[in-house]
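Structural description and commentary
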Amino acid sequence: MNAVAAVRQFNRFYTRQIGVLREHLSESPFSLAQARVLYELAHRPAVTAGELARDLDLDAGYLSRILAGFQKRAYLTRVPSKTDARQSHLGLTGKGKAAFQPLDRQSGREVSAMLAPLAPTEQTRLVEAMTAIEFLLAPADTSEPPYVLRPPRPGDMGWVIHRHGALYAQEYHWDESFEALVAGVVAQFMEHFDARRERCWIAERRGAIAGCIFLVQQSAKVAKLRLLLVEPSARGHGIGKRLVTECIDFARQCGYRRLTLWTNKNLHAARHIYEQEGFHLVKEEPHHSFGHDLVGQTWELILG
């Protein structure tokens, strides 16, 4: 099944699941569109009709009829804008809030009932999948930072292993032995972690993990950069370069004299970052690993 067919099939399933095609929502007198407008009015003070039409992707004439119906029921308040006489700030009257509250409670009960058969781990998977859909399809908000770097949290190390295994299989067709290698690196890092001289950084973008990198001690004067990864959906935002520079800066702070790393010749994007940051190729040798004939490379950066 191709991507278009898969999305259309999911849309058909989900509209049935949440009852979008029912004439009224949650056994209420409101249609889905009316309920959405009520929700926005209840949660967004001083919103304008133009903002509602844009954010809900509603035809302006259709929205105008919904608002006129609310005003007829005495649900709606209109306060003329002080900066634009053509616009009014909309809100709910006490009667409008009273009409919205049972709808909101009933919607919450229906979602709770839908989630009830799922185990906690299944609920977590569902929320993560829905977050991923929103993350990938929503337009980027240019007012928010493109990403943040943070220390690892419980569960992040499992993500590091999983995403390395899955992504390298997808992009380079490497077999499960690479995932085993990553698991060993992560296990050693966790078992022998020295917070004074070692670090793991997790990149997070719009609430989802976007990448990672590790700095580990190889000797008193030499540190090793390991497990640089950036998710395909997060590439192009400078995350890989920032992760590498964080490693370099921390290595200098710790007093390391040299920073080394091992990679493979076909990992062009990562090699480009290393070259930009001043690493030099010091060793190259062919090997057969992860189901392929590869050329391993050792790169070094003299820290002073």
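In short, a report on the structure. (Residues numbered from 1 in each chain as written. Predicted model: local features only at pLDDT ≥ 70, side-chain atom pairs only at ≥ 80, totals over all residues. Heavy atoms only, no water.)

1. Considerations on the overall build of the protein
When its secondary structure is counted, the protein shows ten helices and nine strands. In terms of C-alpha radius of gyration, the protein reaches 26 Å, well past the compact-globule figure of 19 Å for 304 residues. If one aligns the C-alpha atoms of the protein with their principal axes, the spans along those axes are about 80 × 45 × 35 Å. Looking at the protein as a whole, 38% of its 304 residues qualify as buried. For the protein, the accessible area works out to roughly 18,200 Å², and carbon and sulfur atoms hold 54% of it. (Helix = DSSP H or I, 4+ residues; strand = E, 2+ residues; numbered from the N terminus. Rg over C-alpha atoms; globule rule 2.2 N^0.38 Å. Buried < 20%, exposed > 50% of the residue type's maximum accessible area, 1.4 Å probe, protein only. Areas by Shrake-Rupley, 256 points an atom, 1.4 Å probe, with all protein chains shown as cover.)

2. Observations regarding the pattern of salt bridges
By the definition in use, this model includes 13 salt bridges. Between R163 and E231 there is a salt bridge whose closest N-O contact spans 2.5 Å. Of this pair, R163 sits in helix α7 (residues 156–172) while E231 sits in the loop between β6 (222–230) and α9 (239–253), and the two are 68 residues apart along the sequence. For R163, a relative accessible area of 17% translates into the label buried. E231 gets classed as buried once you look at its relative accessible area, which sits at 10%. One salt bridge in this structure joins E246 and R242, with 3.0 Å as the shortest N-O distance. (Salt bridge = Lys/Arg side-chain N within 4 Å of Asp/Glu carboxyl O.)

3. Comments concerning the sheet that holds strand β8 (residues 280–289)
Taken together, seven strands build an open sheet; the order of strands is β3-β4-β5-β6-β7-β9-β8 and the sheet is mixed. Two strands lie at the open edges of the sheet, namely β3 (148–150) and β8, each paired on one side alone. This sheet shows a mean twist of 25° between the axes of neighbouring strands, independent of strand direction. Both strand β4 (residues 199–205) and strand β5 (residues 208–217) contribute to a ladder of seven bridges, which runs antiparallel. Across the sheet, E204 pairs through a bridge with I209, a residue of β5. Along the sheet, α7 makes contact with β3, β4, β5, β6 and β9 (292–302), crossing β6 at roughly 65°. Against the sheet, helix α10 (residues 268–276) makes contact with β6, β7 (258–264) and β9, and its axis sits at roughly 160° relative to β7, the strand it touches most. (Pairing = 2+ DSSP bridges. Axes fitted to C-alpha atoms, helices over the stretch in contact; angles between N-to-C directions. Contact = heavy atoms within 4.5 Å.)

4. A look at the environment of Y75
As for its position among the elements, Y75 is in the loop between α4 (60–72) and β1 (76–80). With a relative accessible area of 11%, Y75 lands in the buried category. The contacts of Y75, once residues within four sequence positions are left out, are F30, F70, G91, L92, T93, K95, G96 and A99.

5. Focus: the pairing of β4
Burial analysis of β4 places six of its seven residues in the buried class, the great majority of the element. Where β3 lies against β4, three bridges are found, and the strand directions are antiparallel. When the sheet's bridge partners are listed, L149 is paired in β4 with A203. In sequence, β4 turns back onto β5 through a hairpin of two residues, with R206 there showing a positive phi of about 50°.

6. Observations regarding α7
Residues that lie three or four places apart on an α-helix share one face, since the helix turns once every 3.6 residues. With 17 residues, α7 should cover 24 Å at 1.5 Å per step; its first-to-last C-alpha distance of 23 Å lies within 8% of that length. When we look at burial in α7, the residues that qualify are D156, M157, W159, V160, I161, R163, H164, G165, L167 and Y168. As for α7, its buried residues are in contact with β3, α8 (176–191), β4, β5 and β6. Downstream of α7 by one or two residues, H173 has phi in the positive range, about 65°. (Expected span 1.5 Å × (residues − 1).)

7. Section: the environment of V244
Inspection of the secondary structure puts V244 in helix α9. A C-alpha to C-alpha distance of 9.8 Å links V244 and R226, two positions 18 residues apart in sequence.

8. Focus: the nonpolar core
With 29 residues, the main nonpolar core has L215, L225, V244, L259 and F279 as its most contacted residues. The set of elements that each furnish at least two residues to this core consists of β4, β5, β6, α9, β7, α10 and β9. Here V244 is in contact with I213, L225, L228, I273, Y274, E277 and F279, once residues within four sequence places are set aside. (Core = buried A, V, L, I, M, F, W, Y, C linked by side-chain atoms within 4.5 Å.)

9. A look at the packing of helix α2 (residues 32–43) against α4
Relative to each other, α2 and α4 sit at 70°, their axes nearing to 11 Å. Compared by their axis directions, α2 and α4 come out roughly perpendicular. Contact residues: A33, Q34, V37, L38 and L41 in α2; Y62, L63, I66, L67 and F70 in α4. (Parallel < 35°, antiparallel > 145°, perpendicular 65-115°, else oblique.)

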